[in-house]
Amino acid sequence: ILRRRLGAKLFVAFLSVILIGMVVLAIAIQFSAPTAFTRHMNSTGQGMGMGPGQGQGMMQNFYNNFRGGVNEALGLAALAALVVAVGVSLALSRRIVAPLLEMTVASRRIAEGKYDERVTTRSLDEIGQLGESFNQMAAQLEQVEAMRRQLIGDVSHELRTPLTAIKGSMEGLMDGILPADAETYQQIHAEADRLSRLVDDLQELSRVEAHSYPLDFRETDLSALVATTIKRLTPNARAKRISLTSNLPRDLPRLLADEDRLGQVLTNLAANGIQYTPEGGAVTISAEIKDYVLQVAVTDTGVGIPPEHLAHIFTRFYRVDKSRSRASGGGSGIGLTIARHLVEAHGGKIWAESEGEGKGSRFVFTLPT
């Protein structure tokens with residue numbers, strides 16, 4: 001029973017402490033009583049006027065009576081303390097064990113897939129803190145389960161769209177409805193390329209979330225990396241008549257970072273800004289030293305983000321507007337999620353700022369210099 005019942009263990013522990021205390025008290029009395037009795041009798045003048053044998057016998061008789069009275073009082077006190085200790089121990093054991101039993105039942109229900117299970121916290125002590133942590137864990141598991149279901153739906157939709165287009169085009173070619181020319185093949189290739197990018201994004205997402213990717217830290221020139229990013233995304237920006245520029249100070253320090261991964265962060269953020277910025281807008285990459293860390297920002301004049309969505313914008317497959325296009329995976333939030341994991345792997349932080357819908361967005365991340 002002691003191995004399986006925490007309440008029994010607590011009860012035995014409380015009872016053991018009381019029994020040990022009583023044993024120590026009894027031993028201390030047995031050793032200290034003779035000296036205290038002799039000192040007390042001498043101070044009161046007992047035994048004066050008596051013969052040596054008579055005085056010694058009287059003293060021994062007094063001491064025996066005194067010792068018997070002390071032992072009797074100690075026995076009654078021990079019995080009363082034991083009764084009270086049993087009641088208090090049972091009450092405390094139940095008070096401690098009850099919330100733990102509740103968490104045990106709740107954890108089993110969560111293991112069965114009922115992620116809405118919560119426990120009631122009745123105190124602010126360690127047990128109460130454990131209950132709060134349990135509820136927080138349950139809430140996160142519920143959110144993960146919801147995201148998993150959304151992931152399945154989003155991935156199914158993303159895969160179905162290019163596959164349907166490819167299948168339709170191939171059927172049109174076989175039936176002779178579509179001409180077998182370069183334009184038709186180019187459309188099929190574009191859909192296949194879109195499908196390939198989605199699969200690559202999903203593989204990259206699984207790797208960064210599992211932290212199963214190596215980082216090659218070396219001295220990195222942020223200015224050159226930003227220039228490479230702008231050059232890579234300029235065709236996309238020109239297609240939407242968007243101005244893609246940089247605003248960097250000349251005295252930027254060199255960073256100790258993985259150049260490829262940091263370039264991936266910049267590309268994901270800038271591509272996200274281009275995607276959600278209307279024609280004629282602007283996307284700017286800037287940087288500054290602030291509080292002894294390098295702060296990089298990608299600012300756009302796009303559709304903006306409502307305040308209630310800012311805390312979730314880096315969650316995988318989270319989209320502010322469910323009706324937005326999810327082309328290239330960016331609208332589903334894959335790119336932002338990958339960027340968050342890569343920045344955190346570099347020891348930095350990332351967040352989003354926006355004054356609201358239609359007022360643009362600003363994605364900021366920090367890196368140690």
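Bear in mind the structure is a predicted one, so any value in this text is a computation, not a measurement.

A. Layout of the overall build of the chain. Within the chain, the regular secondary structure consists of 7 helices and 7 strands. Secondary structure elements of the chain, listed N to C terminal, follow the sequence α-α-α-α-β-α-β-β-α-β-β-α-β-β. Relative to its 369 residues, the chain shows a buried fraction of 34%. Taking as baseline every contact in the chain between residues at least 6 positions apart, the subset at least 24 positions apart corresponds to 69%. Carbon and sulfur atoms form 57% of the exposed surface of the chain, whose accessible area is close to 22,100 Å².

B. Quick look at unusual backbone geometry. With a phi close to 55 degrees, Arg241 is a non-glycine residue in the positive phi region. With respect to the helices and strands, Arg241 occurs in the loop between helix H5 (222-239) and strand E2 (243-247). Among the residues examined, Arg241 registers a relative accessible area of 58% and is labelled exposed.

C. Molecular detail of the environment of Leu252. Examined against the element boundaries, Leu252 turns out to sit in the loop between E2 and strand E3 (255-258). Residue class for Leu252 comes out buried when judged on its relative accessible area of 16%.

D. Region of the structure containing the nonpolar core. Grouped together as the largest cluster of nonpolar side chains are 41 residues, with contacts concentrated most on Leu222, Leu269 and Phe365. Setting aside chain neighbours within four positions, we find Phe365 in contact with Leu262, Val265, Leu266, Leu269, Leu294, Gln295, Val296, Val343, Lys349 and Ile350. Core analysis: the next-biggest nonpolar cluster, separate from the first, contains 6 residues, Ala106, Ile110, Val119 and Phe134 among them.

E. Broad picture of the packing of aromatic side chains. According to the stated counting rule, one finds 1 aromatic pair in the structure shown. Measuring from centroid to centroid gives 6.0 Å for Phe314 and Phe363, while their planes differ by 90 degrees, and the two rings are edge-to-face. Of the two residues, Phe314 is situated in the loop between strand E5 (293-300) and helix H7 (334-345) and Phe363 in strand E7 (residues 361-368); the sequence distance between them amounts to 49 residues. The residues Phe314 and Phe363 share a single accessibility class, namely buried.

F. Highlighting the packing of helix H3 (residues 126-175) against helix H4 (residues 182-209). The geometry of H3 relative to H4 is characterised by a closest axis approach of 10 Å and an angle of 160 degrees between their N-to-C directions. Judged by the angle between their axes, H3 and H4 are roughly antiparallel. As H3 packs across H4, the resulting crossing turns out to be left-handed. Across from Val155, Glu158, Leu159, Thr161, Pro162, Leu163, Ala165, Ile166, Ser169, Met170 and Leu173 in H3, the residues of H4 making contact are Thr184, Tyr185, Ile188, Glu191, Ala192, Arg194, Leu195, Leu198 and Leu202.

G. A look at the packing of helix H6 (residues 259-275) against H7. Their axes nearest at 9 Å, the elements H6 and H7 cross at an angle of 145 degrees. Of the two elements, H6 crosses H7, and the hand of that crossing is left-handed. Together, Arg261, Gln264, Val265, Asn268, Leu269 and Asn272 of H6 and Gly335, Leu336, Ile338, Ala339, Leu342 and Val343 of H7 make up the contact between the two elements. Tallied by class, residues from the contact of H6 with H7 come to 7 nonpolar, 4 polar and 1 charged.

H. Representation of the sheet that holds E5 within the structure. The strand order across the open sheet built from 5 strands is E2-E4-E5-E7-E6, with neighbouring strands paired in mixed fashion. In this open sheet, the two edge strands, each paired with only one partner strand, are E2 and strand E6 (350-353). Averaged over all neighbouring strand pairs, the angle between strand axes comes to 15 degrees, with direction disregarded. Looking at chain direction, strand E4 (residues 282-290) and E5 are connected through 8 bridges and run antiparallel. From the neighbouring strand, Ile289 faces E5, where its bridge partner is Leu294. Of the strands in this sheet, E2, E4 and E5 touch H5, which is tilted by about 170 degrees from E2. Lying over the sheet, H6 contacts E2, E4, E5, E6 and E7, oriented at roughly 170 degrees with respect to E7.

I. Geometry of H7. If you check H7, its first and last C-alpha atoms are 17 Å apart, about what 12 residues at 1.5 Å a residue would give, namely 16 Å. Burial analysis of H7 places 9 of its 12 residues in the buried class, the great majority of the element. Gly347 lies just past H7 and shows a positive phi near 85 degrees.

J. Local environment of a nonpolar patch on the surface. Together, Val23, Ile27 and Phe31 line one region of the surface with nonpolar side chains, adding up to about 340 Å² of accessible area. For Val23, a relative accessible area of 48% corresponds to the partly exposed category.

K. Broad picture of the environment of Gly304. Checked against the element boundaries, Gly304 lands in the loop between E5 and H7. Separated by 58 residues in sequence, Gly304 and Arg362 have C-alpha atoms that sit 8.7 Å apart.

L. Quick look at H4. For H4, built from 28 residues, the straight-helix expectation of 40 Å at 1.5 Å per residue is met to within 8% by its first-to-last C-alpha distance of 40 Å. All buried positions along H4 are accounted for by Thr184, Ile188, Leu195, Leu198, Glu204, Leu205 and Val208. The inward-facing, buried residues of H4 contact H3, H6 and H7. Two residues or fewer after H4 comes His211, characterised by a positive phi angle close to 55 degrees.

M. Geometry of the pattern of salt bridges. Under the criterion given, the structure shown has 8 salt bridges. Arg340 is the salt-bridge partner of Glu344, the closest N and O atoms lying 4.0 Å from each other. Note that Glu344 and Arg340 are positioned in helix H7 at a spacing of 4 residues, about one turn of the helix. Classification of Glu344 as partly exposed rests on a relative accessible area of 42%.

What counts, and where the lines are drawn
Residues numbered from 1 in each chain as written. Predicted model: local features only at pLDDT ≥ 70, side-chain atom pairs only at ≥ 80, totals over all residues. Heavy atoms only, no water. Helix = DSSP H or I, 4+ residues; strand = E, 2+ residues; numbered from the N terminus. Buried < 20%, exposed > 50% of the residue type's maximum accessible area, 1.4 Å probe, protein only. Contact = heavy atoms within 4.5 Å. Areas by Shrake-Rupley, 256 points an atom, 1.4 Å probe, with all protein chains shown as cover. Core = buried A, V, L, I, M, F, W, Y, C linked by side-chain atoms within 4.5 Å. Phe/Tyr/Trp six-rings, centres within 6.5 Å; stacked < 30°, edge-to-face > 60°. Axes fitted to C-alpha atoms, helices over the stretch in contact; angles between N-to-C directions. Parallel < 35°, antiparallel > 145°, perpendicular 65-115°, else oblique. Left-handed = near helix turned anticlockwise from the far one by under 90°. Nonpolar A, V, L, I, M, F, W, Y, C, P; charged D, E, K, R; others polar. Pairing = 2+ DSSP bridges. Expected span 1.5 Å × (residues − 1). Patch = residues over 30% accessible without salt bridge, like charges linked within 9 Å, V, L, I, M, F, W, Y side chains within 5 Å. Salt bridge = Lys/Arg side-chain N within 4 Å of Asp/Glu carboxyl O.

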